[in-house]
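# Breakdown of the fold
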Amino acid sequence: MALQLRPNCEYCDRDLPPHSTDARICSYECTFCADCAENKLANICPNCGGGFAPRPIRPSREWRPGISVAKQPPSDKRVHLNYALDDVAAHSQAIKNVPPDQR
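Reference entry: report on the structure contained in this document. No experiment lies behind these values; they were computed from the predicted model shown.

## Describing the packing of aromatic side chains
Summed over the entire model, instances satisfying the criterion amount to one aromatic pair. The interplanar angle of 65 degrees and the centroid separation of 5.3 Å between the aromatic rings of F32 and F52 together place this pair among those described as edge-to-face. Residue F32 is located in strand β2 (residues 31-33), and its partner F52 is located in the loop between α1 (34-40) and β3 (53-54); the two are separated by 20 residues in the primary sequence. As far as the burial class goes, F32 and F52 line up, both buried.

## Some points on the sheet that holds strand β1 (residues 23-25)
In spatial order, the strands read β2-β1-β3; together these three strands make up an open sheet with antiparallel pairing. Each having just a single partner strand, β2 and β3 make up the two edges of the open sheet. Pairing analysis gives three bridges linking β1 to β2, with the strands arranged antiparallel. From the neighbouring strand, I25 faces β2, where its bridge partner is T31.

## Structural notes on the pattern of salt bridges
A side chain with one charge can pair with a side chain of the opposite charge if their charged atoms come near. Under the definition given, this model contains five salt bridges. Among the ionic pairs, D13 bridges to R78, the shortest N-O distance being 3.1 Å. Linking D13 in the segment before β1 with R78 in the loop between β3 and α2 (85-95), this pair joins segments that are 65 residues apart in sequence. Residue classification places R78 among the partly exposed residues on the basis of a relative accessible area of 33%. The closest approach of N and O atoms between D22 and R14, which form a salt bridge, is 2.3 Å. Note on D22: relative accessible area 18%, which makes it buried. Of the residues examined, R14 reaches a relative accessible area of 40% and is grouped as partly exposed.

## Some remarks on the nonpolar core
Most often, soluble globular proteins have nonpolar side chains that are buried together. Core analysis: the biggest nonpolar cluster contains 14 residues, and C9, F32, C45 and F52 have the highest contact counts within it. Sorting the residues of this core by element identifies β2 and α1 as the ones contributing at least two each. Beyond its immediate chain neighbours, meaning those up to four positions away, C9 contacts R14, L16, T31, F32, C33, C36 and V79.

Rules behind the numbers
For every chain, the first residue of the written sequence is number 1, and numbering continues from 1 onward in sequence order. Where local features are concerned, this predicted model is filtered to residues with pLDDT of at least 70; where side-chain atom pairs are given and counted, the filter is 80 or more; whole-chain, interface and lining totals use all residues. Derived side-chain values reflect all non-hydrogen atoms in the structure, with water molecules and hydrogen atoms excluded from consideration. Whether two aromatic rings pair depends on their centres lying within 6.5 Å, for rings of Phe, Tyr and Trp, where Trp uses its six-membered ring; planes under 30 degrees apart make the pair stacked, over 60 edge-to-face, and the rest tilted. Here a strand is any run of E in DSSP of at least two residues, a helix any run of H or I of at least four, and the numbering for each starts at the N terminus. Burial classes follow relative accessibility: with a 1.4 Å probe on protein chains only, a residue under 20% of its type's maximum area counts as buried, one over 50% as exposed, and anything between as partly exposed. Any two strands between which DSSP finds at least two bridges are classified as paired. By salt bridge we mean one thing: a side-chain nitrogen of Lys or Arg within 4 Å of a carboxyl oxygen of Asp or Glu. The term nonpolar core refers to a set of buried residues drawn from Ala, Val, Leu, Ile, Met, Phe, Trp, Tyr and Cys, joined through side-chain atoms within 4.5 Å. Residues are treated as being in contact if the distance between any of their heavy atoms lies within 4.5 Å.

Dropping the structure here:
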């Protein structure tokens, strides 16, 4: 099963195409731009409380049969936060000093 490669930042709705090196994901594939992940969310996913990692780039060229953006297209479904921004800020504040291995 391939990553969904969601097309936007869930916080600011910035476009994050499949080749974007600015996309960050958590282990549940919640997707945010680097600016929001680092500066607005303190590297804490507002949905699950986990951290972020750079989203891998899916190859545009088919180096192996069936493995490419063309053969396994990214999602076109835009996802947005389910929480109010003040709730997101409070969530990040409450968790930001908890060590990642204890979240």
